[in-house]
Amino acid sequence: MVRKFSIALEHILAPPINYVYTLHYFSTSHLWSCLTVSPSPIQHLFFCAEEEISLEEEEAYEIWQNIPDEERTSHLDVIPNPDGVMIRPSHHHVDSIMDTPCELQMKRDPSLLNFDNVSRVDIAEIHTISSWDNPVIITNAVVPETVPKTILDKEELKALYGNVKVRTGNRETLIDNGFMNSIPKRLADALEETNNTIQELPDTFIDELRELMDAFPSCTNSDISIGKMKFTLTIASEGFGIGMHKHNAAMFMLLVGQKKWYMTDSSDLDGIVSESETHPRFYRELSSHKCIQQAGEVLYVPNGWYHEIFNLEYTLGIQALPE
């Protein structure tokens, strides 16, 4: 199974750490979502029908960890898989044993490894961008010397932070608030792709990443403000992707590997009758902008643009989203 995990840096950058874990129920017995983060010291609120329950942080963690796997995703609507077949999101998909993930994607998108029509601008020339209405790749934003070796090497990551709990998911489960639908795993296990109270990352790790947070460019006149961002460290295997989705303007800094991005303005999909019609067409004619993001580049995705990601190999990067 191809998985992705995320370490939410916004949880660890501004002590004292306080959370609100909001869990919603369809019924008194069916827990279906969790994890909303707040920077202020608010109690953990749980909603059961019209009853509001306050829980301690440790108890909130325990409930989230012990949700049966099938109940993490049973509330999600069916969505098209990459081949257009409508499926219900699940953590238990069987991968093809005949083709590699890239070979399968090449059948859907013959231009997978070569088509790239997104403009690139050097960070020194970022002031020349007059419009942020389209995706832009910003180059030379990452100084190699500022990237800590401990996050570039899998074995060092496992050795130093292997017991840290991370949130894992796949293309379908991460399409609708992946934190809520995710499965907790030790970082070491997630990196091995093979299944404890969640622990906060050590201060040494936070310090290692601060320079990278500061390296995100300031996009003047865009819909994004780095001063009010949530940062997530993401690691993914070849073939992992997040299904087509949209949100506020965002940036992604890639530190290791290559990612293929498919993007289009929401209005470009007007007239699509059913979701199944989007795939695999989204990989071909329905995405107006495609790019192969390289390590060291920062991609800007405009507000409300649909996008989908396919990892061409093992990748590691940092996502910045408005709070």
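Treat the numbers as computed from the prediction; the structure is a model and nothing was measured.

The rules we used
Residues numbered from 1 in each chain as written. Predicted model: local features only at pLDDT ≥ 70, side-chain atom pairs only at ≥ 80, totals over all residues. Heavy atoms only, no water. Buried < 20%, exposed > 50% of the residue type's maximum accessible area, 1.4 Å probe, protein only. Helix = DSSP H or I, 4+ residues; strand = E, 2+ residues; numbered from the N terminus. Pairing = 2+ DSSP bridges. Phe/Tyr/Trp six-rings, centres within 6.5 Å; stacked < 30°, edge-to-face > 60°. Lys NZ or Arg CZ within 6 Å of the ring centre and 35° of its normal. pLDDT = per-residue confidence, 0-100. Contact = heavy atoms within 4.5 Å. Salt bridge = Lys/Arg side-chain N within 4 Å of Asp/Glu carboxyl O. Axes fitted to C-alpha atoms, helices over the stretch in contact; angles between N-to-C directions.

Peer 1: What am I meant to see in the pairing of strand E13 (residues 250–256) here?
Peer 2: Across a regular strand the side chains alternate sides, sitting on one face of the sheet and then on the other. When you tally the buried positions in E13, you get seven out of seven residues, the bulk of the element. Two elements, E13 and strand E18 (residues 315–322), share five bridges in a ladder whose sense is antiparallel. Across the sheet, the residue bridging to Phe 252 is Gln 319, located in E18.

Peer 1: Would you take a moment to explain the pairing of E18 for this structure?
Peer 2: In terms of residue burial, E18 counts as a mostly covered element, since seven of its eight residues are buried. The sheet contact formed by strand E12 (residues 229–236) and E18 spans eight bridges and is antiparallel. Counterpart to Leu 233 in the pairing with E18 is Ile 318.

Peer 1: Teacher, can you tell me more about the packing of aromatic side chains here?
Peer 2: Two aromatic rings, taken as a pair, are described by how far apart their centres are and by the angle between their planes. Applying the stated criterion across every chain, the model contains three aromatic pairs. For the ring pair Trp 132 and Tyr 300, a centre distance of 4.9 Å and an interplane angle of 70° mean the geometry is edge-to-face. Overall, Trp 132 belongs to the buried group, its relative accessible area being 6%. Positioned over the ring face of Tyr 314 is Lys 154, at 4.4 Å from the centre of the ring.

Peer 1: Just to check I follow, could you spell out the confidence of the model for the protein chain for this structure?
Peer 2: Parts of the prediction with low pLDDT should not have their coordinates interpreted in detail. Mean pLDDT over the protein chain: 76, with 73% of residues reaching 70 or higher. Across the protein chain, strand E15 (residues 289–294) holds the top mean pLDDT of 98, while strand E3 (residues 31–33) sits lowest at 29. A low-confidence stretch, residues 1–6 (pLDDT under 50), is modelled with 44 contacts involving residues beyond four sequence positions or located in other chains. In this model residues 194–198 is a low-confidence stretch, pLDDT under 50, and it forms 16 contacts with partners more than four residues away in sequence or in other chains.

Peer 1: Whenever I open this one, the pattern of salt bridges confuses me. Can you help?
Peer 2: A side chain with one charge can pair with a side chain of the opposite charge if their charged atoms come near. Within the structure shown, the criterion is met by ten salt bridges. Residue Glu 297 pairs with Arg 120 through a salt bridge whose shortest N-O separation is 3.0 Å. By relative accessible area, Glu 297 is classed as buried at 10%. Among the ionic pairs, Glu 285 bridges to Arg 284, the shortest N-O distance being 3.9 Å. Overall, the relative accessible area of 35% leaves Arg 284 in the partly exposed class. The network of salt bridges with shared partners includes Asp 116, Arg 120 and Glu 297.

Peer 1: Help me understand the sheet that holds strand E17 (residues 305–311), please; the structure alone is not making it clear to me.
Peer 2: The strands that make up a sheet pair up through hydrogen bonds in the backbone, lying either parallel or antiparallel. Sheet architecture is open: three strands sit in the order E15-E14-E17, paired in antiparallel fashion. Here the strands that pair on one side only, and so sit at the sheet edges, are E15 and E17. For this sheet the average axis-to-axis angle between neighbouring strands, irrespective of direction, equals 20°. As judged from the seven bridges shared by strand E14 (residues 258–265) and E17, these two strands associate in the antiparallel manner.

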